[in-house]
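The residues making up each chain are set out below.
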Amino acid sequence: MVDVAPLPSRRKLVGQPLLYAISVFASLGVFLFGYDQGVMSGIITGPYFKQFFNNPGPIEVGTMVAVLELGALATSIAAGRVGDIIGRKGTLFTGAIVFTIGGAIQTFTTGYYVMIVGRVVSGCGVGLLSTIVPIYQSEISPPDHRGALACMEFTCNVFGYATSVWVDYFSSFIESDLSWRIPLFLQCVIGSILAAGSLVIPESPRWLIDTDRDVAGMSIIVDLHGGDPDNIIAQAEFQEIKDKVIYERELGEGRSYAVMWKKYKRRVLLAMSSQAFAQLNGINVIGYYAPSVFEEAGWLGRDAVLMTGINAIIYTLSTLPPWYLVDRWGRRVILLSGAVIMGIALGLTGWWMYVDIPATPNAVVICVIVYNAAFGYSWGPIPWLYPPEIMPLTFRSKGVSISTATNWAFNFIVGETTPYLQEAITWRLYPMHGFYCACSFILVYFLYPETKGVPLEEMDAVFGEEERLDYESERASLMSNARSPSVRSGSRVTERGWVSRLLYRNDRSTYQPIGEGDE
């Protein structure tokens, strides 16, 4: 029973308006990540950039682009510990400040090595932001909106990428070094806005309760549920989180990385694999080097950046359908279908470059656009949603930090090797990443359980790792929605058709939400 009186709310926004406002603002963190991914793709082909850095070769360009991932890799590992100590909000503020400093170093660089330092510093900020934003988002979201809000977050990431490409394009008309310094300076502006805003958004209620700040945690839960302290849904959600915290503490197993690996090895490996294949499936071949890809296909100079900008708009639009589909179709269907389309598009990209006929430039543009649209709908958003929702509260920050570090490690490998591979194996690079798409399909089909609609505190039942705990589930935040007849307590699970059995082969067939009579 809840015996914690929440503090009087001073927020003007409560309920869903507050939830969406927090989500949009926190998504500035991933907007920065996307902007930084795309900003280098346009400026590295510019004449003033090449002149300033004395016409850098493919290794120098690859290092300049990919070294950001080394900074991100280091801080994404540390973010697990940092997020548990200073909270989600404090980590968000720190990441924004570090990123802004890195952007300033890049903007006012005096040479190649200063640019490298700036990229590393920005990477440190990106590592903190890319780890903590998905955690924060998952911890404030109700289960029936969790997938959609995470996909909205990824849309902001891609919108950041698209913005950087068009900023690069219009800046390319400037006949001076400002053509590449201005796009880099905008990183500082956006980072400063995020840092200021992170001071006013609420802390994650789950982190507050986990650190015994029950009154503050309860107050935020009440605000997220409309501002009424007597709201039974808010009270039930608080009690469920508190019970889970107490249960984890009573186990007395500690919270080290070693304990997490021993107890949740399968979940950690699945989280890591989702992020690894998001990179191996080839997105950064296009994201970081799209103008180079188009130049290789026959589009030259500013036209290559223009084609990248058009591609970025379609890429952004492709991230909108998952807002609706992810909490209806589920995670598995989206990942499986995306892997198929991406693999075919990459294979055809390589084939058109191999035959090298007059139609090749236009055909490659079409293939790249189809590929990016498929990625934006599937392997773009889901790997950022999946890790924080499958990890338990006590290890969520550490688990997501490991999965995000995996993202940055493979991000660095792809970013560093792509310029060399484009010259060494030319068109074969694209079918190679198409092969990884096939591997990701197999992995998801056989090993990934469906998590659609599952409350965070009931994820143990999905993985079958423990007996279900005898407490109310996060269903409290779902009480206003009707449950599907196939999972309603006491009802019989309906027979599924062959298509459903194929796509949901590893679906949570034994999972049912804790019902009212199960308490």
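As the structure is a prediction and not an experimental result, all values here were calculated from the model.

Trainee: I'm lost on the pattern of salt bridges in this one. Help?
Mentor: Oppositely charged side chains can form a pair if their charged atoms are brought close together. A full pass over the atoms with the stated rule returns 12 salt bridges. Measuring nitrogen to oxygen at the nearest pair gives 3.2 Å for the salt bridge that ties Arg396 to Glu139. Here Arg396, found in helix α20 (residues 393-424), pairs with Glu139, found in helix α5 (residues 112-140); they are 257 residues apart in sequence, far enough to count as distant. For Arg396, a relative accessible area of 0% translates into the label buried. In this structure, the salt-bridge partner of Asp460 is Arg267, at a minimum N-O distance of 2.5 Å. Of the two residues, Asp460 sits in helix α22 (residues 459-463) while Arg267 sits in helix α12 (residues 265-280), which places them 193 residues apart along the sequence. For the pair formed by Asp460 and Arg267, the shared burial category is buried. Residues joined by salt bridges that share partners form a network here, namely Asp84, Arg88, Glu139, Arg396 and Lys398.

Trainee: Looking at this model, I keep getting lost on the nonpolar core. Mind explaining?
Mentor: Nonpolar side chains in soluble globular proteins generally cluster together in the buried interior. Membership of the largest hydrophobic core comes to 110 residues, with the highest contact counts inside it found for Met40, Phe49, Tyr371, Phe375 and Trp379. At 10 residues, the largest contribution of residues to this core is made by helix α6 (residues 146-171). If you look at the next biggest cluster of nonpolar residues, it comprises 9 residues, including Ala234, Ile241, Val245 and Leu393.

Trainee: Any chance you could explain the packing of aromatic side chains here in plain terms?
Mentor: Given two aromatic rings, one states the distance between the centres and the angle between the planes to describe the pair. Counted by the stated rule, this structure contains 25 aromatic pairs. Geometrically, the ring pair formed by Phe53 and Trp180 is tilted, given 5.6 Å between the ring centres and 55° between the ring planes. Placement of the pair is Phe53 in the loop between α3 (47-52) and α4 (58-107) and Trp180 in helix α7 (residues 178-197), with a sequence separation of 127 residues. Of the two residues, Phe53 and Trp180, neither departs from the other in class, the shared state being buried. Here a set of aromatic residues connected by ring pairs shows up, and it is made of Phe154, Tyr161, Tyr315, Tyr371 and Phe375. Between Arg328 and the ring centre of Tyr324, over which it is positioned, the NZ or CZ distance is 3.8 Å. The ring of Tyr257 carries Lys398 above its face, with NZ or CZ at 6.0 Å from the centroid.

Trainee: Looking at this structure, I do not really get helix α9 (residues 214-224). What am I missing?
Mentor: Two residues of an α-helix separated by three or four positions point the same way, owing to the 3.6 residues in each turn. Burial analysis of α9 places 9 of its 11 residues in the buried class, the great majority of the element. Within α9, burial applies to Asp214, Gly217, Met218, Ser219, Ile220, Ile221, Val222, Asp223 and Leu224. The first or second residue beyond α9 is Gly226, which carries a positive phi of 115°.

Trainee: What is the right way to look at the environment of Ala195 in this model?
Mentor: Following the sequence through the fold, Ala195 ends up in helix α7. A relative accessible area of 5% means that Ala195 is categorised as buried. Here the alpha-carbon distance between Ala195 and Gly90, two residues 105 residues apart in the chain, equals 9.8 Å. Sequence-distant contacts of Ala195, that is, excluding residues within four places in its chain, are made with Phe93, Ala96 and Ile97.

Trainee: What is the right way to look at a nonpolar patch on the surface in this model?
Mentor: A grouping of Val340, Ile341, Ile344, Leu348, Ile366, Val370, Phe441, Ile442, Phe446 and Leu447 is seen on the molecular surface, where their side chains present a nonpolar patch of about 850 Å² in accessible area. At the level of secondary structure, the elements contributing two or more residues to the nonpolar patch comprise α17 (331-355), α18 (360-377) and α21 (429-447). Position of Leu348 relative to the elements: it lies in helix α17. Residue Leu348 is classed as partly exposed on the basis of its relative accessible area of 40%.

Trainee: Where do I start with the side chain of Ser318 in this structure?
Mentor: Relative to the assigned elements, Ser318 resides in helix α15 (residues 302-318). One polar contact links the side chain of Ser318 to the main-chain carbonyl oxygen of Tyr315, over a distance of 2.6 Å. Those residues in contact with Ser318 that sit more than four places away from it in its chain are Asn372, Ala373, Gly376 and Tyr377.

Trainee: Sorry if this is basic, but what is going on with unusual backbone geometry here?
Mentor: Even without being glycine, Asn54 reaches a positive phi, approximately 60°. Considering the arrangement of structural elements, one finds Asn54 in the loop between α3 and α4. Positive phi, normally seen in glycine, also occurs at Thr426, with a value near 45°.

Trainee: What's the story with the packing of α4 against α20 in this structure? I'm lost.
Mentor: To describe two helices that pack against each other, one gives the angle between their axes and the distance between the axes. Packing of α4 against α20 brings their axes to within 8 Å, and their N-to-C directions diverge by 180°. Classed by the angle they form, the pair α4 and α20 counts as roughly antiparallel. Here the residues of the contact of α4 with α20 sort into 16 nonpolar, 10 polar and 6 charged.

Trainee: Which parts of the structure should I look at to understand α12?
Mentor: With 16 residues, α12 should reach 22 Å at 1.5 Å per residue; the first-to-last C-alpha distance of 22 Å fits that figure. Across the 16 residues that make up α12, a large majority, 12, are buried. Every buried residue of α12 is listed here: Arg267, Val268, Leu270, Ala271, Ser273, Ser274, Gln275, Ala276, Phe277, Ala278, Gln279 and Leu280. At the exit of α12 stands Gly282, carrying a positive phi of roughly 100°.

Trainee: Hey, could you run me through the side chain of Gln275 in this one?
Mentor: Here Gln275 shows up in helix α12. Polar contacts involving the side chain of Gln275 include one to the main-chain carbonyl oxygen of Pro383, which spans 3.3 Å.

Trainee: Teacher, can you tell me more about the environment of Asp356 here?
Mentor: Position of Asp356 among the secondary structure elements: in the loop between α17 and α18. Distance from Asp356 to Gly298, taken between C-alpha atoms, is 9.3 Å for residues 58 residues apart in sequence.

Trainee: Looking at this model, I keep getting lost on the packing of α12 against α21. Mind explaining?
Mentor: Relative to each other, α12 and α21 sit at 155°, their axes nearing to 10 Å. In terms of orientation, α12 lies roughly antiparallel with respect to α21. The way α12 lies across α21 gives a crossing that is left-handed. For the pair formed by α12 and α21, the contact residues are Arg266, Leu270, Ser273, Phe277 and Leu280 on the first element and His433, Tyr436, Cys439, Ser440, Leu443 and Leu447 on the second. Grouping the constituent residues of the contact of α12 with α21 by class yields 7 nonpolar, 3 polar and 1 charged.

Conventions and cut-offs
Residues numbered from 1 in each chain as written. Predicted model: local features only at pLDDT ≥ 70, side-chain atom pairs only at ≥ 80, totals over all residues. Heavy atoms only, no water. Salt bridge = Lys/Arg side-chain N within 4 Å of Asp/Glu carboxyl O. Helix = DSSP H or I, 4+ residues; strand = E, 2+ residues; numbered from the N terminus. Buried < 20%, exposed > 50% of the residue type's maximum accessible area, 1.4 Å probe, protein only. Core = buried A, V, L, I, M, F, W, Y, C linked by side-chain atoms within 4.5 Å. Phe/Tyr/Trp six-rings, centres within 6.5 Å; stacked < 30°, edge-to-face > 60°. Lys NZ or Arg CZ within 6 Å of the ring centre and 35° of its normal. Contact = heavy atoms within 4.5 Å. Patch = residues over 30% accessible without salt bridge, like charges linked within 9 Å, V, L, I, M, F, W, Y side chains within 5 Å. Areas by Shrake-Rupley, 256 points an atom, 1.4 Å probe, with all protein chains shown as cover. Polar contact = N/O pair within 3.5 Å; in protein donor to acceptor, adjacent residues only side chain to side chain. Axes fitted to C-alpha atoms, helices over the stretch in contact; angles between N-to-C directions. Parallel < 35°, antiparallel > 145°, perpendicular 65-115°, else oblique. Nonpolar A, V, L, I, M, F, W, Y, C, P; charged D, E, K, R; others polar. Expected span 1.5 Å × (residues − 1). Left-handed = near helix turned anticlockwise from the far one by under 90°.

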